[in-house]
Amino acid sequence: MMRFLPVNLNALLVELDNLEQTLALLASLKNDPVTGIEELVPAARTILIHWRPSVCNMAGLVRQISQRDVSAQAQGGATLIEIPVQYNGEDLAEVAQLLGISPEEVIRRHTGSEYSVAFTGFAPGFAYLSGGHPSFNVPRRSTPRTRIPAGAVGLAGTFSGVYPQASPGGWQIIGVTPTAMWDIGRDVPALLQPGFRVKFVDMATLSEAARQGLTKSEEQKHIVPEPSQQLEGAALEIISPGLQTLFQDLGRPGQAGQGVSASGAMDQASLKAANRLVGNTSNNACLETVGGGLRLRSRGDTVVAMTGADAPLTITSAGGQHWKVSRYQALALTDGDTLSLGPPQAGLRSYLALRGGFAVAPVLGSCSTDTLAHVGPKPLAAGDVLPIRPVQHGAVGQPEAPPADLPTVQDVVTLDVVLGPRTDWFTPESVERLRSQLWQVTPQSNRIGLRLAGEVALERAVKDELPSEGTAWGAIQVPPSGQPVLFLADHPLTGGYPVIGCVATYHLNRAGQIPVHAWVRFNPIKEPS
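In this text, all values refer to a predicted model and were calculated from it rather than measured experimentally.

1. As for unusual backbone geometry
Turning to step 1, where the next piece is worked out: Backbone torsion omega between Gly420 and Pro421 reads 5°, so that peptide bond is classified as cis.
Turning to step 2, where the next piece is worked out: Mapped onto the fold, Pro421 is located in the loop between strand E25 (412-419) and helix H7 (428-436).
Turning to step 3, where the next piece is worked out: Here the phi dihedral of Phe122 falls at roughly 70°; this positive angle occurs in a residue that is not glycine.
Turning to step 4, where the next piece is worked out: Considering the arrangement of structural elements, one finds Phe122 in the loop between strand E6 (114-120) and strand E7 (127-130).
Turning to step 5, where the next piece is worked out: We note that Tyr328 has phi near 55°; this positive angle belongs to a residue other than glycine.
Turning to step 6, where the next piece is worked out: In this fold, Tyr328 is placed in the loop between strand E20 (322-325) and strand E21 (331-333).
Turning to step 7, where the next piece is worked out: Here Tyr328 falls in the buried class, since its relative accessible area comes to 5%.

Okay, structure coming up:
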């Protein structure tokens, strides 16, 4: 039985009875796509569906999807990936004790079954593998480890998985593999894709030469040459990057199959405006900087524009003269001019566009830096020199009026919210508290999410463990503490805590500008139809 749960004005969650139905529906939607659906994020018993509101609506999608047959068994893919494992994991003995068998029997059963990639999530390249030995059903660790090494092979519930990078985690670790699950040097960085078949091989059964050759081969794959920078001609030099300055564009949607969320600029309206002012296309990469402190010097003649937060701008010439300039207009810099950004009076993030665009190499089709997934260019540092692409087209735009309602610490910022998909997991009093109580943004907030603190925590009515499911930008996830986290651009693709609501799409840019210590009020609106 399908259950359709609202997520946002452009997203819904389809809940099914089990993994088999989920995979059957996923296969149906891939083989016979529904017009307007932009991305599918499958999980254990759900599929998160993003759609274009200009093409379809929730009611129409529900009608079409509800007619799909989910009784058919999804066919396994033709691709078989063999993963060699050294079975020396620190939880191997505990797993054996939980199952009432010997460690050797755990290894035999793990290598004696074929797995299938059901879905991806948690981190780029992390695949949830289903279909192992029927006896494998082990709980996660009661206390997650703060660090699990890259290549760790683990069990959780009925799933098997391999950690693609070092990270915290709660899976039971039974071994480690030298095979890279995620390698940005490959044409397709994620080794495991939904539908792939997987077979684990005990490295103890391989010859010494084979084991050494495998390790050397994998080490070579990780050697990625640094791209050479062409520093001829005009450029911008970073004197000070401020608190955090990153390359951002409109993100990399469509990479859910590799476990990668879209990321992108936190305030996409400001990014588009900056590009418009210098005559670039809207998706050109800009510099996104937090607070004040960014200082950069022009090498040669350049044209830039700054948008976003209400922060003072100053130009200092090579001769030491300085003058104030305005945001939301094209600024001509001559050789040696320095542009400085002061602390914002309202808003948090500023966007600097460069006429012609920055000569930065895209990763998976985007120049955005995803701070959670570690995908994209590194954060900028003092001394970095940023070359300019040749100007292709477009005239410099006319000055624009800055937004008049940027959030401040003094104001209460109201954000409209679509309730769901897991509102019914909370007590009626907590759903009302979400609306009536003020929530303060804590200093632990970042591009992944705003961590909020309220006087009274939210309480759950359902105490069960929620199977991991897709999460959207704007999701208000509630961990066991009861203090919500508002997911932003670099949020994880899937999450295991219930989402009580989601900030409406038209307020996401506003959410990305909320400073630390500001107060937030949530305003529930009618569900999309």
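2. Observations concerning the packing of aromatic side chains
Turning to step 1, where the next piece is worked out: Going through the model one piece at a time under the given rule, you end up with eleven aromatic pairs.
Turning to step 2, where the next piece is worked out: Considering the side-chain rings of Phe119 and Phe159, the 5.7 Å spacing of their centres and the 80° angle between planes classify their relative orientation as edge-to-face. Placement of Phe119 in strand E6 and of Phe159 in strand E10 (residues 159-162) is noted, with a sequence separation of 40 residues between them. Across this residue pair, the class does not change: Phe119 and Phe159 are buried.
Turning to step 3, where the next piece is worked out: Between the aromatic rings of Phe122 and Phe126, the centroid separation amounts to 5.2 Å while the plane-to-plane angle is 75°, which identifies the pairing as edge-to-face.
Turning to step 4, where the next piece is worked out: By relative accessible area, which is 34% here, Phe122 ends up partly exposed.
Turning to step 5, where the next piece is worked out: We classify Phe126 as buried; its relative accessible area is 0%.
Turning to step 6, where the next piece is worked out: Grouped by ring-pair contacts, the aromatic residues Phe119, Phe122, Phe126, Tyr128, Phe159, Tyr163 and Trp171 constitute a single cluster.

3. Some points on the nonpolar core
As a rule of thumb, soluble globular proteins bury nonpolar side chains together.
Turning to step 1, where the next piece is worked out: Ranked by size, the top nonpolar core spans 39 residues in total, and within it Leu415, Leu486, Ile500, Val503, Ile514 and Phe522 carry the most contacts.
Turning to step 2, where the next piece is worked out: When residues in this core are grouped by element, the largest group, five residues, is from helix H6 (residues 268-278).
Turning to step 3, where the next piece is worked out: With 25 residues, the next largest nonpolar core counts Leu92, Ile101, Leu129 and Val162 among its residues.

Thresholds applied
- Residues numbered from 1 in each chain as written.
- Predicted model: local features only at pLDDT ≥ 70, side-chain atom pairs only at ≥ 80, totals over all residues.
- Heavy atoms only, no water.
- Helix = DSSP H or I, 4+ residues; strand = E, 2+ residues; numbered from the N terminus.
- Buried < 20%, exposed > 50% of the residue type's maximum accessible area, 1.4 Å probe, protein only.
- Phe/Tyr/Trp six-rings, centres within 6.5 Å; stacked < 30°, edge-to-face > 60°.
- Core = buried A, V, L, I, M, F, W, Y, C linked by side-chain atoms within 4.5 Å.

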